[in-house]
Amino acid sequence: MSTVNQATLDVESLSVTLGRHPVLERVSGLSARAGEITALVGPNGAGKSTLLKAIAGLERYHGSVRFDATDLAELDATERARRVYYLPQESGTPAALSVFEAVLLARRTSHPTAGQRDLELVRQTLIMLELEPLAERTLDQLSGGQRQRVAIAQAAVREPRVLMLDEPTSALDLHHQLQVLEWLAAVARQRGIIVLIAIHDLSLAARFAGQLWMLGNGGKVKATGTPRHVLTEDRLREVYAIHAQVEWSDDEPPRVTPLAALTSLGGVKR
Ligand SMILES: Nc1ncnc2c1ncn2[C@@H]1O[C@H](COP(=O)(O)OP(=O)(O)OP(=O)(O)O)[C@@H](O)[C@H]1O
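Reading guide: rules and limits
- Residues numbered from 1 in each chain as written.
- Predicted model: local features only at pLDDT ≥ 70, side-chain atom pairs only at ≥ 80, totals over all residues.
- Heavy atoms only, no water.
- Helix = DSSP H or I, 4+ residues; strand = E, 2+ residues; numbered from the N terminus.
- Buried < 20%, exposed > 50% of the residue type's maximum accessible area, 1.4 Å probe, protein only.
- Near = heavy atom within 4 Å.
- Polar contact = N/O pair within 3.5 Å; in protein donor to acceptor, adjacent residues only side chain to side chain.
- Areas by Shrake-Rupley, 256 points an atom, 1.4 Å probe, with all protein chains shown as cover.
- Nonpolar A, V, L, I, M, F, W, Y, C, P; charged D, E, K, R; others polar.
- Lys, Arg positive; Asp, Glu negative; His and termini not counted.
- Salt bridge = Lys/Arg side-chain N within 4 Å of Asp/Glu carboxyl O.
- Contact = heavy atoms within 4.5 Å.
- Pairing = 2+ DSSP bridges.
- Axes fitted to C-alpha atoms, helices over the stretch in contact; angles between N-to-C directions.
- Expected span 1.5 Å × (residues − 1).

As annotated in an unreviewed UniProt entry, the protein is ABC transporter ATP-binding protein from Salinicola rhizosphaerae.

1. Observations regarding the environment of D68
Along the chain, the position of D68 falls in the loop between β5 (62–67) and β6 (70–71). Taking the relative accessible area as the measure of exposure, D68 reaches 39% and is therefore partly exposed. Expressed as a C-alpha distance, the spacing of D68 and T8, which sit 60 residues apart in the sequence, is 5.5 Å.

2. Remarks on the site of the ligand
As a structural note, the neighbourhood of the ligand is formed by 13 residues, with G45, G47, K48, S49 and T50 the closest of them. Within the backbone of A46, one N or O atom sits 3.2 Å away from an oxygen atom of the ligand. In isolation the ligand has 650 Å² of accessible area, and contact with the protein removes 60% of it. It is helix α1 (residues 48–56) that provides the largest number of residues to the shell around the ligand, a total of 3 residues. Its residues placed into classes, the shell around the ligand shows 4 nonpolar, 7 polar and 2 charged.

3. Describing the side chain of R80
Within the secondary structure layout, R80 lies in helix α2 (residues 77–83). Buried and unpaired, R80 has D71 as its nearest opposite-charge partner, separated by 6.1 Å. Among the polar contacts listed, one links the side chain of R80 to the side chain of Y61, at a separation of 3.0 Å. The contacts of R80, once residues within four sequence positions are left out, are A54, I55, A56, G57, Y61, V65, L72, A73 and L75.

4. Considering the sheet that holds strand β10 (residues 209–216)
Across the sheet, which stays open at both edges, the 6 strands sit in the order β7-β8-β9-β4-β10-β11 with mixed pairing between neighbours. Two strands lie at the open edges of the sheet, namely β7 (84–87) and β11 (220–225), each paired on one side alone. Across the sheet, the mean angle separating the axes of adjacent strands is 15° when strand polarity is ignored. Two strands pair when backbone bridges link them, and β10 and β11 are joined in this way by 5 bridges, in the antiparallel orientation. The residue of β11 that forms the bridge with G216 is K220.

5. A look at helix α3 (residues 99–110)
For α3, which comprises 12 residues, the first-to-last C-alpha distance of 17 Å matches the rise-based estimate of 16 Å (1.5 Å per residue) to within 8%. Taken together, the buried positions of α3 are V99, F100, A102, V103, L104, A106, R107 and S110. In this structure, the buried side of α3 is in contact with α4 (116–128) and α5 (144–157).

6. What about α1?
Taking burial as the measure, the 9 residues of α1 include 8 buried ones, the bulk of the element. Listed as buried for α1 are K48, S49, T50, L51, L52, A54, I55 and A56. Once α1 ends, the next one or two residues include G57, with phi positive near 85°.

Dropping the structure here:
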C-alpha cells in the first residue's frame, strides 16, 4: 500500500535558547518529505536533539515549523502531539509491564478507543521489529537493545504523521540496525509519513535516508540534500574534524569510512 501524500515539514528561522545559551540561531531551509527517512546528522552538542524537541513543541522556540502547510504553533498541545511524535534517546516505561502491554499502552495513549484493529497493529509491529518472541516478557527482563526496539514500537503504533526518533539505533547490534532502518523506511513509504531521525552513523544515514540535514557546531545548518550531495570528504573535515573516505558507485549510496580524527595536538595535520 503506498500513498501519494505530498506533505512536507518545513523549518524556517528557528531559534532556541537553553538557559542563557543560544543553541540554535535562525535555523532555516530545512525541509523533509513524506514517504522517506530524513536523517539529521552532526557532531555531539550541535543541537540535533534540541531541534527535534522544538519541532515536537517540547522546547520553546522562535521561528516557524510548518507541517502540511499548517504552522504547528497554531495547534494546541494535544493536536500537535497527535501529528508529531518525538522519541527521546532515553525513554522510560514502567518496567513491570510486558512488552505487549507496553506497546498497547502507547497505542491507547494516542488512540483511547483501542479495539481489535489496534491489537492487530501492536501484534504486527512486534513481528516487524522481531519482538514477538519477547511479547510476554516484562521490560525489566530485556537487554538495552531489546528495550530500544520496544520504544521504537511504542512510537510507531501511535501513528503520528511526523515520527521523530533520536538515535534509534544507538543500542542495536548490526543486524537490528539494518533491520530497524529498513522497516522505518518502509513505514515512511507505506504510511506516507515523515520519519526524521538523528543518527551518528553516516553510512547508515546515507543508505536509508532520502535527505540529510547536517548541523555543525553552534547549531549551524551546514548542508541539506541527498546523501551524495551532503557527504563529501571536505565537508566531513570541516564539520566533524575528521579525515574520512567517502566511496560511492552509480547505483549505491555513499559509504563513509572515518580514518582519523584531526587534532591540533599533533598527530594528523589539518
Ligand atoms: N538545559 C540546557 N541548558 C543549557 N544548555 C543545554 C541544555 N541542554 C542542552 N544544552 C546544550 O545545547 C547544545 C545542544 O545539545 P543537544 O542535546 O541538542 O545536542 P545533540 O546534537 O543532540 O548532541 P549529541 O549528538 O551529543 O546527542 C549542547 O551544547 C548542550 O550542552
